[in-house]
Amino acid sequence: MNLKNYIAEIMHFPQEWISFKDISPILQNPEALEYVVERLSKNLENVDKILGLDARGFIFGSLVAYKLKKPFIMLRKKWKLPWECEQISYDLEYGSNTFEIQTNAIKKWDKIAIVDDLLATWWSAKAACDLVKKLGWKVDSLSFVIELEFLNWKEKFWDKKVYSLVKY
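Calculation criteria
Residues numbered from 1 in each chain as written. Predicted model: local features only at pLDDT ≥ 70, side-chain atom pairs only at ≥ 80, totals over all residues. Heavy atoms only, no water. Pairing = 2+ DSSP bridges. Helix = DSSP H or I, 4+ residues; strand = E, 2+ residues; numbered from the N terminus. Axes fitted to C-alpha atoms, helices over the stretch in contact; angles between N-to-C directions. Buried < 20%, exposed > 50% of the residue type's maximum accessible area, 1.4 Å probe, protein only. Right-handed = clockwise from strand over helix to strand, strands pointing away.

S.K.: Honestly, the sheet that holds strand β7 (residues 111-119) in this entry has me stumped. Any pointers?
M.R.: Hydrogen bonding along the main chain pairs the strands of a sheet, whether they run parallel or antiparallel. Spatial ordering of the open sheet is given by β5-β6-β4-β3-β7-β8-β9, a layout of 7 strands whose pairing is mixed. Of all the strands in the sheet, just β5 (85-92) and β9 (161-167) have a single pairing partner and so form its edges. For this sheet, the mean angle separating the axes of adjacent strands, direction not counted, is 25°. Bridge count between strand β8 (residues 138-147) and β9: 6 bridges; the pairing is parallel.

Written out as structure tokens, the structure reads:
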């Protein structure tokens, strides 16, 4: 299956110089969605838990966790989770953000797979890795539906397995 046929490119969104990769067509096509979940799950059988980044990572991450019968953990934007949380702030190409995770979500030394829709700028994925490490857990791998390969961010995760299904 050629997933690029199910990814819409929206020019100049959310900023003038960005070509946004919209995964909505994948979600609207059951066969494409099943293909994505199958492919993302393939490399993650040996992890303990799946962590999805707010918000599109929740879609793919929760489906992968369900398929693999693994616990799913949400990495949310600030002030969205109850209980005790740990935070990390990071910069984006057009702003800044803060992620939170519940401190009781992962046991020490759990092997975590991070799942998200897009590896473009590495800041959100790096923040997720840094937060997991800060709490004494281990990021085993990162899996993305789309990778903007020309940005060369994958090499920043030299100590982790990085998977992507579609490269631009």
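The rest of the description comes next.
S.K.: It is not clear to me how the pairing of β7 should be interpreted in this structure. Could you clarify?
M.R.: Regular strands show a simple pattern: their side chains alternate between the two faces of the sheet. A large share of β7 lies buried, amounting to 7 of its 9 residues. In this structure, strand β3 (residues 49-53) lies alongside β7, joined through 4 bridges in parallel fashion. Residue pairing for β7: Lys49 is matched across the bridge by Ile112.

S.K.: Just to check I follow, could you spell out the pairing of β3 for this structure?
M.R.: Burial within β3 is extensive, with 5 of its 5 residues counted as buried. Side chains Lys49, Leu51 and Leu53 of β3 all project onto a buried face; the interleaved residues Ile50 and Gly52 project onto the opposite face, where all are buried too. Pairing of β3 with strand β4 (residues 72-77), which is carried by 4 bridges, proceeds in the parallel orientation. Along β4, the bridge assignment pairs Gly52 with Met74. The parallel pair β3 and β4, bridged by helix α3 (residues 56-68), forms a crossover whose chirality is right-handed.

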